[in-house]
Amino acid sequence: HGLHLISVSEADVELGDFGILFLLFIEGLNLSPERVKNLGSFFRLGASQLLLSISLVFFATLVGGPTLIGLAREYHLALDLDL
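Not measured: the values here are computed from a predicted model.

A.B. asks: Can you explain the overall build of the chain? Please cite residues and give values.
C.D. replies: Within the chain, the secondary structure is distributed over three helices and zero strands. When its helices and strands are written in sequence order, the chain yields α-α-α. Buried residues in the chain amount to 2% of all 83 residues.

A.B. asks: I'd love a proper account of the packing of aromatic side chains, names of residues and values included.
C.D. replies: Taken as a whole, this structure holds two aromatic pairs when the rule is applied. Centre to centre, the rings of Phe18 and Phe22 are 4.7 Å apart; their planes meet at 85°, and the pair counts as edge-to-face. Of this pair, Phe18 and Phe22 both sit in helix α1 (residues 10-29), four residues apart, which is roughly one turn of that helix. On the accessibility criterion, Phe18 (46% relative accessible area) is partly exposed. Aromatic pair Phe58 and Phe59: ring centres 5.1 Å apart, planes at 75°, arrangement edge-to-face. With relative accessibility at 48%, the residue Phe58 sits in the partly exposed group. Owing to a relative accessible area of 48%, Phe59 belongs among the partly exposed residues under this scheme.

A.B. asks: Give me the lowdown on the confidence of the model for the chain, citing residues and values where you can.
C.D. replies: Of all residues in the chain, 89% have pLDDT values of 70 or greater, and the mean over the chain is 84. Here helix α2 (residues 33-40) is the element of the chain with the lowest mean pLDDT, 82, and helix α3 (residues 43-74) is the one with the highest, 90.

A.B. asks: Quick rundown of unusual backbone geometry? Include the residues and the values.
C.D. replies: For His76, which is not a glycine, the phi torsion comes out positive at approximately 60°. Relative to the helices and strands, His76 is located in the segment after α3.

Cut-offs used in this document
Residues numbered from 1 in each chain as written. Predicted model: local features only at pLDDT ≥ 70, side-chain atom pairs only at ≥ 80, totals over all residues. Heavy atoms only, no water. Helix = DSSP H or I, 4+ residues; strand = E, 2+ residues; numbered from the N terminus. Buried < 20%, exposed > 50% of the residue type's maximum accessible area, 1.4 Å probe, protein only. Phe/Tyr/Trp six-rings, centres within 6.5 Å; stacked < 30°, edge-to-face > 60°. pLDDT = per-residue confidence, 0-100.

Written out as structure tokens, the structure reads:
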């Protein structure tokens, strides 16, 4: 990677994972119960964003899927419709 100054061996990857584990542990120690309660208020916002994104992708696929298949057939693209 880069200028080959850093090798990517198994030990390097494990050391990086260990460093991330310690970073998360130290950040967790800095959280107070009040801060966790304040962060919990964003749960509804995150859940609604997730549901909105999932439904948008679902309906776009539901509506746009047949249109894309029609275009693919028109341009003679190979399709495997037995999936």
